[in-house]
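# Analysis of the macromolecular model
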Amino acid sequence: AAAAKPEDNGCAVDDVGSVVLSPIETQRAIAILDETIEKLSFLGSITPDVLQHRDELSKFVGDEISHIIYEQRQLEARYEELIAQRGALKGLANKSKYK
């Protein structure tokens, strides 16, 4: 596929080869840049807080992972019990057919 040319987007190219945006495209670019600045400002304001509480967050995440692993092991053990019960019940059902 061919690369899009600036003219395809309603823009123009001046004598030096620079792209000249239409008024609508200029407003769109300004809005995007304003939103980007807002988001970066927000990230900048929370980053020191996150760094300050890094150890607490790490412990919390570690505790959560440990809890999930514990639950997973319990579920696996219960699954093994149910599979064993199923095998036993299938065996009993087959025995009654042959009596």
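Residues numbered from 1 in each chain as written. Predicted model: local features only at pLDDT ≥ 70, side-chain atom pairs only at ≥ 80, totals over all residues. Heavy atoms only, no water.

A count of helices and strands for the protein gives two helices and two strands. Its helices and strands taken in sequence order, the protein reads β-β-α-α from the N to the C terminus. Here the protein holds 99 residues, and 3% of them are scored as buried. In the structure as shown, the protein presents an accessible area of about 9100 Å², 61% of it carried by carbon and sulfur atoms. (Helix = DSSP H or I, 4+ residues; strand = E, 2+ residues; numbered from the N terminus. Buried < 20%, exposed > 50% of the residue type's maximum accessible area, 1.4 Å probe, protein only. Areas by Shrake-Rupley, 256 points an atom, 1.4 Å probe, with all protein chains shown as cover.)

What follows concerns the pattern of salt bridges. By the definition in use, this model includes four salt bridges. Linking Arg28 and Glu25 is a salt bridge whose minimum nitrogen-to-oxygen distance equals 3.2 Å. A residue pair is termed a helical-turn pair when its members lie 3 or 4 positions apart in one helix, as Arg28 and Glu25 do in helix H1 (residues 23-52) at three residues. The salt bridge involving Glu35 is made with Lys39; its shortest N-O contact spans 3.1 Å. Remark: Lys39 and Glu35 occur in helix H1; sequence separation between them is four residues, near one turn of the helix. For Glu35, a relative accessible area of 43% translates into the label partly exposed. For Lys39, a relative accessible area of 51% puts it in the exposed group. (Salt bridge = Lys/Arg side-chain N within 4 Å of Asp/Glu carboxyl O.)

Take the environment of Ser18 next. Note that Ser18 resides in the loop between strand E1 (12-13) and strand E2 (19-20). Non-local contacts of Ser18, meaning those with residues more than four positions away in its chain, are made with Ala12 and Val13. (Contact = heavy atoms within 4.5 Å.)

Okay, the confidence of the model for the protein next. Detailed reading of the predicted coordinates is not advisable wherever pLDDT is low. Per-residue pLDDT for the protein has a mean of 83; in total, 82% of the residues score no lower than 70. Within the protein, E1 has the poorest average pLDDT of any element, 71, and H1 the best, 89. (pLDDT = per-residue confidence, 0-100.)

Together, Leu40, Phe42, Leu43, Ile46, Val50 and Leu57 make up an exposed nonpolar region whose accessible area comes to about 540 Å². Broken down by element, the nonpolar patch gets its largest block of residues, five residues, from H1. Mapped onto the elements of the fold, Leu43 is located in helix H1. The exposure class of Leu43 is partly exposed, given its relative accessible area of 45%. (Patch = residues over 30% accessible without salt bridge, like charges linked within 9 Å, V, L, I, M, F, W, Y side chains within 5 Å.)

Here we take up H1. Between the first and last C-alpha of H1 there are 44 Å, a value that for 30 residues agrees with the 44 Å anticipated at 1.5 Å per step. In the structure, H1 departs most strongly from a straight axis at Ile46, where the bend amounts to approximately 30 degrees and where the proline Pro48 lies between one and four residues downstream. (Expected span 1.5 Å × (residues − 1). Bend = angle between axes of the 7 residues up to and from the residue.)

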